[in-house]
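Remarks on the overall topology
What follows is the residue order along each chain.
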Amino acid sequence: MSKAFKITGLCSLALLMGLAGILAWGTWRDLRPFPATLRPQGSALHKAQFLDRNGIPLSVTYTQPWNIHDWLPLHEIPTLLREAFLESEDRRFYTHGGTDWIARGHAVFQNLRAFKAVRGASTITEQVVRLFQPRPRTFWSRWMEGWEAGRLEKMFSKPEILEFYLNQVPYARQRRGVLQAAHLYFDRDLDTLNSRETLALAVLVRAPARLDLQDGAREIEKPLQRLAEHLHRKGRMSHAAYDDARHAPWSLAESRLPVDAGHFVRYVSSAGSGSADDAPDPPAAEEIPPRHGASSSVRGTSSDSPCRRR
């Protein structure tokens, strides 16, 4: 009996070692490289953007793979917005090594208790991994994201990762990053938003394909109020800002280009591609204000929606 038990134990140990070896090999095989920098380069652009002589956009496209030029350094992003994202998306961002195993454990327990997926536990670092390495939403993908998040945090600092995330996080209508979102919904820069509008930007990323302030803000009201309460209770939001988040009105505004030069841009685009003979006649000179020249340069933003003048 003792000998048979020992043989069974050895067989079990060998099986476990074999499975561990297969798991390690599969993990190593599926690891993907990261870029040398978290700042997207101009080579990632797909479409050109036309600017006037003063650098004001005459056209804008949101079909680029990355947000290239609506980029803010971390220190220029309002503190409340940074705190709101950390509270909402990754409370232990500055203490974990890429994966928050405590949050993952809580999420597994809640999902099992509800018999469905009611909570995720992706850290900000794992979400950055997902932006670089999109995969199907499977258990294996979550496993790989955890490993790659650890690698990413060894390559880049926490502030670098947070800065990239806040400038690339997806929103509705193909916008990326908090600055593009502020322009989309409020036609204003981040430092002009009230507390309610600022917290809305942190809530909207939870379901960017479904949540859109322009279609109604009622759905984000409860999570926004909960976020405000958490920040206020932890002393990361003043009483005045908390009151503002609860009662301030929305100031929604649809962003628009300062100059409607679509006809001119189409003409220049056609001429540049060698088909000027088939292009429509250029607009008369008086249709373009004198201070707006025909200079162009490559810039990135996102669809053919307008962009505010900055």
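Now for a description of the structure that goes with this document.

About the criteria used
Residues numbered from 1 in each chain as written. Predicted model: local features only at pLDDT ≥ 70, side-chain atom pairs only at ≥ 80, totals over all residues. Heavy atoms only, no water. Helix = DSSP H or I, 4+ residues; strand = E, 2+ residues; numbered from the N terminus. Buried < 20%, exposed > 50% of the residue type's maximum accessible area, 1.4 Å probe, protein only. Contact = heavy atoms within 4.5 Å. Areas by Shrake-Rupley, 256 points an atom, 1.4 Å probe, with all protein chains shown as cover. Salt bridge = Lys/Arg side-chain N within 4 Å of Asp/Glu carboxyl O. Axes fitted to C-alpha atoms, helices over the stretch in contact; angles between N-to-C directions. Left-handed = near helix turned anticlockwise from the far one by under 90°. Polar contact = N/O pair within 3.5 Å; in protein donor to acceptor, adjacent residues only side chain to side chain. Parallel < 35°, antiparallel > 145°, perpendicular 65-115°, else oblique. Nonpolar A, V, L, I, M, F, W, Y, C, P; charged D, E, K, R; others polar. Core = buried A, V, L, I, M, F, W, Y, C linked by side-chain atoms within 4.5 Å.

Helix and strand content of the chain: 11 helices and 2 strands. Element order for the chain, N to C, with α for helix and β for strand: α-β-α-α-α-α-α-α-α-α-α-α-β. Every one of the 310 residues in the chain was classed for burial, and the buried ones make up 45%. The long-range fraction of contacts in the chain, counting pairs at least 24 apart against all pairs at least 6 apart in sequence, stands at 72%. Total accessible area computed for the chain in this model is approximately 17,100 Å², and 57% of it derives from carbon and sulfur atoms.

Right, let's get into the pattern of salt bridges. Enumeration over the complete set of coordinates arrives at 14 salt bridges. The closest approach of N and O atoms between glutamate 83 and arginine 236, which form a salt bridge, is 2.7 Å. Of this pair, glutamate 83 sits in helix H2 (residues 79–89) while arginine 236 sits in the loop between helix H9 (221–233) and helix H10 (239–247), and the two are 153 residues apart along the sequence. On the basis of relative accessibility, which here comes to 22%, the residue glutamate 83 falls in the partly exposed class.

We now examine the packing of helix H7 (residues 177–186) against helix H8 (residues 195–204). Direction vectors running N to C along H7 and H8 enclose 115 degrees, while the axes themselves pass 11 Å from each other. Crossing hand, H7 versus H8: right-handed. Contact residues: Val178, Ala181, Ala182, Tyr185 and Phe186 in H7; Glu197, Leu201 and Leu204 in H8.

This part takes up the side chain of histidine 96. Mapped onto the elements of the fold, histidine 96 is located in the loop between H2 and helix H3 (101–114). Judged by its relative accessible area of 9%, histidine 96 falls in the buried class. A distance of 2.9 Å separates polar atoms of two side chains, one belonging to histidine 96 and the other to aspartate 90. Sequence-distant contacts of histidine 96, defined by excluding residues within four places in its chain, comprise Asp90, Thr123, Thr125, Glu153 and Lys158.

This part is about the packing of H2 against H9. The contact between H2 and H9 brings their axes to 10 Å, and the two run at 105 degrees. Relative to H9, the element H2 is oriented roughly perpendicular. From H2, Leu80, Glu83, Ala84, Glu87 and Ser88 reach across to H9, where they touch Leu227, His230 and Leu231. By residue class, the composition of the contact of H2 with H9 is 4 nonpolar, 2 polar and 2 charged.

With that settled, the discussion passes to the nonpolar core. Counting residues in each nonpolar core, the largest one holds 58 residues, and the members touching the most others are Phe85, Tyr171, Leu190, Leu199, Leu201 and Met237. For this core, the elements supplying multiple residues, two or more each, are H2, helix H4 (124–132), helix H5 (139–155), helix H6 (158–168), H7, H8, H9 and H10. No other element matches the 7 residues that H7 contributes to this core. Among residues more than four places away in sequence, those in contact with leucine 199 are Leu80, Ala84, Leu224, Leu227, Ala228, Leu231, Met237 and Ala245.

A few words now on unusual backbone geometry. One non-glycine residue, arginine 173, lies in the positive phi region at around 60 degrees. Note on placement: arginine 173 falls in the loop between H6 and H7. On the accessibility criterion, arginine 173 (36% relative accessible area) is partly exposed. With a phi angle near 55 degrees, aspartate 187 is a residue other than glycine that sits in the positive phi range.

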